[in-house]
Amino acid sequence: PNGGQLSLQVMAVDFGVGKSTGQLSIGVIEALGVPLNEYLLRSESYIALTLGNEDWATTLTEHCSNPRWNDNHTFNVPLQGDAVYSGCTLSINLFERMPSLPPADESRTDWVPGQKKDELVGSCTLPLGELALQKDMTLEKEVHLNLTHPQRNANNAQVVLSMRSLDFGVGRTPIGTLKVTVVRAINLPLRLSKEDLKTRRKPNSIVNLKIGAQNHTTATHHNNCEPMVNESFIFKVGLLGDRVSNEERVTISVLDQDPDANQSEIIGTATVDIGDLWLIRSISQQQRVPLSTQGEVFLQFEAIDFTALGKDGTTSASAGMLHVQLLAVDFGQ
């Protein structure tokens, strides 16, 4: 045969959100209300922290009800904009290092005098994303420990941590390029004529778009309640991974231009939360937006560059992997 057919199955395997990275200094100050071991043996204790793939432990200090360390370590943490990524969790474990007791079975030979063992006293997790840590912020946090041995009667045990963001620069906030097209408006309200307050006229309509400090305005469409506009504007928007940040919104104002008085009057407004549109790379979406007074505006949103170069010039979009499965459907003889 002259040709066959090839079926492709394409699956996104790893399209990570492209989080940038900051540094977070975590200090272990002390623990409060820690239970003593039931044998009243002299021992030492330490705190072990795990954040992502990074482990760290404090120095050893004498075990008591309120052991104190004042040790700190700097971790790398993933960011969303200039705050810690919402899924970032710190694991905290309190260990007691104590002498190993002789076995009850005297025939055992695997026990060595002076040998020590680490026993988990309590543990907990701390969702760092819920702390709203941002640039140049310091806070102290008391974390409740879930005790391994509740029978020790110390259910109020806590670990006191201090946290300081060392490198959460706002300059790392990824920036994308968004094209917004004002397609048309319909059913705009009639205006009263200044010469005769009983006569109504069609507006000389202008549409203004504002995102943050960025402003764009269409040309004037004279004497028209349903203008076909079709004007596009480019905006820079903050990203969370490869989509628009939840904080970004576009404010729409429709104005009536008075050519004689050389001034404009607002005849309708609206706001669209762009983050709710789930615009991601190379995706476009049209929105029909009702105005506060009367009428509607049709907008087209298009993500034309969401690979997200940060303000510092570095890329924040992580590499993804694409799994392609080839299947011969009709290769004849």
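Because the structure is predicted, anything quoted here is derived from the model rather than measured.

Conventions used here
- Residues numbered from 1 in each chain as written.
- Predicted model: local features only at pLDDT ≥ 70, side-chain atom pairs only at ≥ 80, totals over all residues.
- Heavy atoms only, no water.
- Helix = DSSP H or I, 4+ residues; strand = E, 2+ residues; numbered from the N terminus.
- Buried < 20%, exposed > 50% of the residue type's maximum accessible area, 1.4 Å probe, protein only.
- Contact = heavy atoms within 4.5 Å.
- Areas by Shrake-Rupley, 256 points an atom, 1.4 Å probe, with all protein chains shown as cover.
- Pairing = 2+ DSSP bridges.
- Axes fitted to C-alpha atoms, helices over the stretch in contact; angles between N-to-C directions.
- Core = buried A, V, L, I, M, F, W, Y, C linked by side-chain atoms within 4.5 Å.
- Phe/Tyr/Trp six-rings, centres within 6.5 Å; stacked < 30°, edge-to-face > 60°.
- Salt bridge = Lys/Arg side-chain N within 4 Å of Asp/Glu carboxyl O.
- Polar contact = N/O pair within 3.5 Å; in protein donor to acceptor, adjacent residues only side chain to side chain.
- pLDDT = per-residue confidence, 0-100.

Regarding its fold elements, the protein chain presents zero helices and 24 strands. Here the protein chain, with 333 residues, has 39% of them falling under the buried criterion. Within the protein chain, contacts between residues separated by at least 24 positions form 67% of all contacts whose residues are at least 6 apart in sequence. When the accessible area of the protein chain is evaluated, it comes to approximately 18600 Å², of which 47% is carbon and sulfur surface.

A few words on the sheet that holds strand 16 (residues 205-211). The four strands lie next to each other as 17-16-20-21, forming an open sheet whose pairing is antiparallel. A single partner strand is all that each edge strand has here, and the edge strands are strand 17 (214-217) and strand 21 (263-273). Between one strand and the next, the sheet's axes are offset by a mean angle of 20 degrees, whatever the strand orientation.

Positioned with a positive phi, Asn187 is a non-glycine residue whose angle comes to about 55 degrees. Along the polypeptide, Asn187 turns up in the loop between strand 13 (174-186) and strand 14 (191-192). In this structure, Asn230 is a non-glycine residue whose phi angle is positive, near 50 degrees. As for its placement among the helices and strands, Asn230 is situated in strand 18 (residues 228-240). Look at Asn230 and you get exposed, because its relative accessible area is 52%.

On to the nonpolar core, then. Leu49, Leu90, Ile92, Leu126, Leu128, Leu161 and Met163 are the most contacted members of the largest nonpolar core, which totals 31 residues. Listing elements by their share of this core, those giving two or more residues are strand 2 (20-32), strand 3 (44-51), strand 6 (68-80), strand 8 (89-99), strand 9 (116-127) and strand 12 (158-165). One finds Leu178, Val250, Ala270 and Leu291 within the second-largest nonpolar core, a separate group that totals 30 residues.

Looking at where Arg200 falls in the secondary structure, it is placed in strand 15 (residues 200-201). Relative accessible area serves as the criterion here: at 56%, Arg200 is assigned to the exposed category. Arg200 has contacts with Leu190, Arg191 and Leu192, leaving out every residue within four places of it along the chain.

Looking at the secondary structure, you find Thr199 in the loop between strand 14 and strand 15. Leaving out residues up to four positions away in the same chain, Thr199 has contacts with Arg191, Leu192 and Ser193.

A few words on the packing of aromatic side chains. In this structure the tally under the stated criterion is one aromatic pair. For the pair Tyr46 and Phe95, a centre-to-centre distance of 5.3 Å together with 20 degrees between the ring planes defines the contact as stacked. Of this pair, Tyr46 sits in strand 3 while Phe95 sits in strand 8, placing them 49 residues apart in sequence. There is no split in this pair, since Tyr46 and Phe95 are both buried.

This brings us to the pattern of salt bridges. Any two side chains of opposite charge can pair, given that their charged atoms come close. Going through the model one piece at a time under the given rule, you end up with eight salt bridges. The closest approach of N and O atoms between Arg68 and Glu30, which form a salt bridge, is 3.1 Å. Linking Arg68 in strand 6 with Glu30 in strand 2, this pair joins segments that are 38 residues apart in sequence. Arg191 is the salt-bridge partner of Glu265, the closest N and O atoms lying 2.8 Å from each other. Residue Glu265 is found in strand 21, and its partner Arg191 is found in strand 14; the two are separated by 74 residues along the sequence. Here Glu265 falls in the partly exposed class, since its relative accessible area comes to 46%.

We now examine the environment of Ser91. Residue placement: Ser91 occurs in strand 8. Residues Ser91 and Ala48 lie 43 residues apart in sequence; the distance between their C-alpha atoms is 8.1 Å. With residues near it in sequence (within four places) discarded, Ser91 still touches Ala48, Leu49, Thr50, Cys124 and Thr125.

What follows covers the side chain of Asn204. The residue Asn204 is located in the loop between strand 15 and strand 16 in this model. The exposure class assigned to Asn204 is buried, which follows from its relative accessible area of 10%. A polar contact of 2.9 Å, which involves the side chain of Asn204, links it to the backbone nitrogen of Asn223. Residues contacting Asn204, with those up to four places away along its chain left out, are Thr220, His221, His222, Asn223, Leu255, Asp256, Gln257 and Pro259.

Here we take up the confidence of the model for the protein chain. Of all residues in the protein chain, 70% attain a pLDDT of 70 or more, and the chain-wide mean is 77. The lowest-confidence element of the protein chain is strand 1 (residues 5-14), averaging 48 in pLDDT; the highest-confidence one is strand 16, averaging 94. For the stretch residues 9-19, pLDDT sits under 50, and the model shows 28 contacts to residues farther than four places along the chain or on other chains.

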